Amino acid sequence: MQRDELYSVLFEQQKEFARNEMFVQRETTESLLSSLKLKIPFIITGVRRAGKSTLLKIIKNTLNLTEKEFFYINFNDERLISFKVEDFQKILDFIEEEKYKQNCSLFVDEIQEVEKWEKWIDRIKDNHLCFITGSNSKLLSKEISTVLTGRSLSISLYPFSFREFLHFKKILVDKVDKDLKVQARLRKELTLFLELGGIPKVVTENEPRLLSELYENIIYRDIVKRFNPNLEKPIKEMSLLLLSSSGKKVSLRSLSTTLSIKNISSVKSIVDTFEKAFLFFFVPKFDFSLRKQIQNPQKVYCVDTGFITQVGFRFSDDKGRILENMVFIELKRQKKEIYYFSGKGECDFILKEGVKPIAAIQVCYNLTIENKEREIEGLIEALENFNLKDGLILTFDQEDQFQIRGRKINVLPAWKWLV
């Protein structure tokens, strides 16, 4: 890029980033800031519009940095489309010429748009505290960790949790066990959260129509453009199929057959790219044999329930699967290692720690006469299989506790579990 052209963009971006605004505090901020003493690059990844840029501003404000103590650049700016690796030095020149503090903090947005960025970060990381965001899990790869000499900390940012959703609405939940009015409000808000999802701008502007536009943006910018143009139609069809299959089992072979893509390796590449873009996640069946685990179908979940209800299928069509998807994302947010169990019956989530399962969770919107035996038997089978003493059933609004075959079953409303 021409120096003057680049400097003009940088001036505007600094002005925009320095503006004082009110933000919904993110739960990951505290743990991130507690790690600052490590003095290593922080790599923040997540789906587009999950709030990564806002998190950078929250960090800047929390650290109380003055104008010359931080530098910001957003590579998602179309004016930087011709930026090349040799232009990185011009950024350092800008910092020096504009008399920024010598070891100012660097906030770099959507860095995956520029090749060989990791070499630049590796060169400057000892002189600047670096906060980096990206919308592709390639930023977590072993290759980048190797280039950064193993010294970086990766943070996954998801759309708003239910707690953050309530925080935005200024709803206090500290008396949830005793206050019936608070409980009624939480039921109402959880219904809205399941349907609207947690994409910050969608929540703050109460505008679900933004989800369709964002979904298309992710499909084209993060997935389609990485493949042969001939695959555009199958990729879009696969994305809609996966959306409608939330909480269900899928396999590469079944996707290949349904979409008439003969090359299984192409199907796998597309599926992997969906996951790298943080749009879909795939959960394996638990098995102590890694070979069997790989061979079994996986269950698919979407990063945000809003995409399912606005692009996939209506909320009223299957509330149970949408609730299950929401529980899955919350478990991911809690950094759990997640599997599903399948034997004679099925259990939605098995959580593993180290080499063994530590918890079993079943999700059911309502326990009824028709489904109660099936849901409980699947959970009990998982508990017995992994020698666990108690299990959890998450529902929309039912609460109970009982014992079956020496195993304690807790039934809990999802709104209470989430807060």
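Quick note: structure is the one above.
A. Highlighting the environment of S246. Checked against the element boundaries, S246 lands in the loop between α11 (232-244) and β6 (249-250). Dropping the residues within four chain positions of it, S246 is found in contact with V300, Y301, I308, R321 and N325. One polar contact links S246 to N325, side chain to side chain, over a distance of 2.7 Å.

B. Focus on the nonpolar core. Counting 75 residues, the largest nonpolar core has L190, M238, F274, L279, F280 and F307 as the members making the most contacts within it. Here L279 is in contact with Y215, I218, I219, I223, F274, Y301, C302, V303 and F307, once residues within four sequence places are set aside. The next biggest cluster of nonpolar side chains, apart from the first, holds 30 residues, and it includes M1, V9, L80 and F83.

C. Looking closely at a positive patch on the surface. Where like charges cluster on the molecular surface, the positive patch consists of K138, K225, R226 and K276. The topology assignment puts R226 in the loop between α10 (210-223) and α11.

D. View of the sheet that holds strand β3 (residues 105-109). The five strands are arranged β2-β3-β4-β1-β5 in an open sheet whose pairing can be described as parallel. Each edge of the open sheet is held by one strand with a lone partner, namely β2 (70-74) and β5 (153-156). This sheet shows a mean twist of 15 degrees between the axes of neighbouring strands, independent of strand direction. Pairing geometry for β2 and β3, over five bridges, is parallel. Across the sheet, I73 pairs through a bridge with V108, a residue of β3. Across the sheet, helix α1 (residues 3-18) is in contact with β2 and β3; its angle to β2 comes to roughly 110 degrees.

E. Spotlight on the packing of α1 against helix α4 (residues 88-97). Where α1 meets α4, the closest approach of the two axes is 11 Å, and the angle between their N-to-C directions is 65 degrees. Remark: the crossing between α1 and α4 carries right-handed chirality. Listed contacts from α4 to R3, L6, Y7, L10 and F11 of α1 are K90, D93, F94 and E97. When the residues that make up the contact of α1 with α4 are grouped by side-chain class, the tally is five nonpolar, no polar and four charged.

F. The arrangement of the packing of aromatic side chains in detail. Tallying each qualifying case throughout the model produces 30 aromatic pairs. Taking 5.1 Å as the distance between ring centres and 85 degrees as the angle between the ring planes, the aromatic pair formed by F286 and F386 counts as edge-to-face. Of the two residues, F286 sits in the loop between β7 (280-283) and α14 (290-295) while F386 sits in the loop between α17 (372-385) and β12 (390-395), which places them 100 residues apart along the sequence. The class for F286 is buried, based on a relative accessible area of 7%. For F386, a relative accessible area of 10% puts it in the buried group.

G. Focus on the packing of helix α12 (residues 252-259) against helix α13 (residues 264-276). At a closest axis distance of 9 Å, the pairing of α12 and α13 adopts a crossing angle of 105 degrees. When the axis of α12 is compared with that of α13, the two are roughly perpendicular. Residues L252, R253, L255 and S256 of α12 lie in contact with α13, whose contacting residues are I264, V267, K268 and V271. Residues of the contact of α12 with α13, tallied by class, amount to five nonpolar, one polar and two charged.

H. Quick look at the pattern of salt bridges. As enumerated under the stated definition, the model contains 36 salt bridges in all. Residues D122 and K125 are paired through a salt bridge, measuring 2.6 Å at the closest nitrogen-oxygen approach. Since its relative accessible area comes to 8%, K125 is described here as buried. Taken together, the shared-partner salt bridges in this structure form one network comprising E16, R19, E21 and K57.

I. Spotlight on the side chain of T133. Tracing the backbone shows T133 in strand β4 (residues 130-134). The class of T133 is buried, set by a relative accessible area of 0%. A polar contact is formed between the side chain of T133 and the backbone nitrogen of E110, at a distance of 2.9 Å. Residues within four places of T133 in sequence aside, it is in contact with I44, K52, L56, V108, D109, E110, I111, Q112 and L139.

J. Highlighting the pairing of β2. Of all five residues making up β2, five are buried, and the element is well covered by its neighbours. Here β2 shows a buried face lined by F70, Y72 and N74 and a second buried face lined by F71 and I73. Running through α4, the crossover from β2 to the neighbouring parallel element β3 is right-handed.

K. Looking closely at the environment of I358. Residue placement: I358 occurs in strand β11 (residues 356-363). Taking the C-alpha atoms as reference points, I358 and N387, 29 residues apart in sequence, are found 9.2 Å from one another. Apart from the residues within four sequence positions on either side, I358 is in contact with L351, K352, E353 and L388.

L. Expanded view of the side chain of K52. You can see K52 is positioned in helix α3 (residues 52-62). The class of K52 is buried, set by a relative accessible area of 3%. Within the structure, K52 has its side chain in polar contact with the side chain of S135 (distance 3.4 Å).

Reading the values: the criteria
Residues numbered from 1 in each chain as written. Predicted model: local features only at pLDDT ≥ 70, side-chain atom pairs only at ≥ 80, totals over all residues. Heavy atoms only, no water. Helix = DSSP H or I, 4+ residues; strand = E, 2+ residues; numbered from the N terminus. Contact = heavy atoms within 4.5 Å. Polar contact = N/O pair within 3.5 Å; in protein donor to acceptor, adjacent residues only side chain to side chain. Core = buried A, V, L, I, M, F, W, Y, C linked by side-chain atoms within 4.5 Å. Buried < 20%, exposed > 50% of the residue type's maximum accessible area, 1.4 Å probe, protein only. Patch = residues over 30% accessible without salt bridge, like charges linked within 9 Å, V, L, I, M, F, W, Y side chains within 5 Å. Areas by Shrake-Rupley, 256 points an atom, 1.4 Å probe, with all protein chains shown as cover. Salt bridge = Lys/Arg side-chain N within 4 Å of Asp/Glu carboxyl O. Lys, Arg positive; Asp, Glu negative; His and termini not counted. Charge placed at Lys NZ, Arg CZ, Asp CG, Glu CD. Pairing = 2+ DSSP bridges. Axes fitted to C-alpha atoms, helices over the stretch in contact; angles between N-to-C directions. Left-handed = near helix turned anticlockwise from the far one by under 90°. Nonpolar A, V, L, I, M, F, W, Y, C, P; charged D, E, K, R; others polar. Phe/Tyr/Trp six-rings, centres within 6.5 Å; stacked < 30°, edge-to-face > 60°. Parallel < 35°, antiparallel > 145°, perpendicular 65-115°, else oblique. Right-handed = clockwise from strand over helix to strand, strands pointing away.

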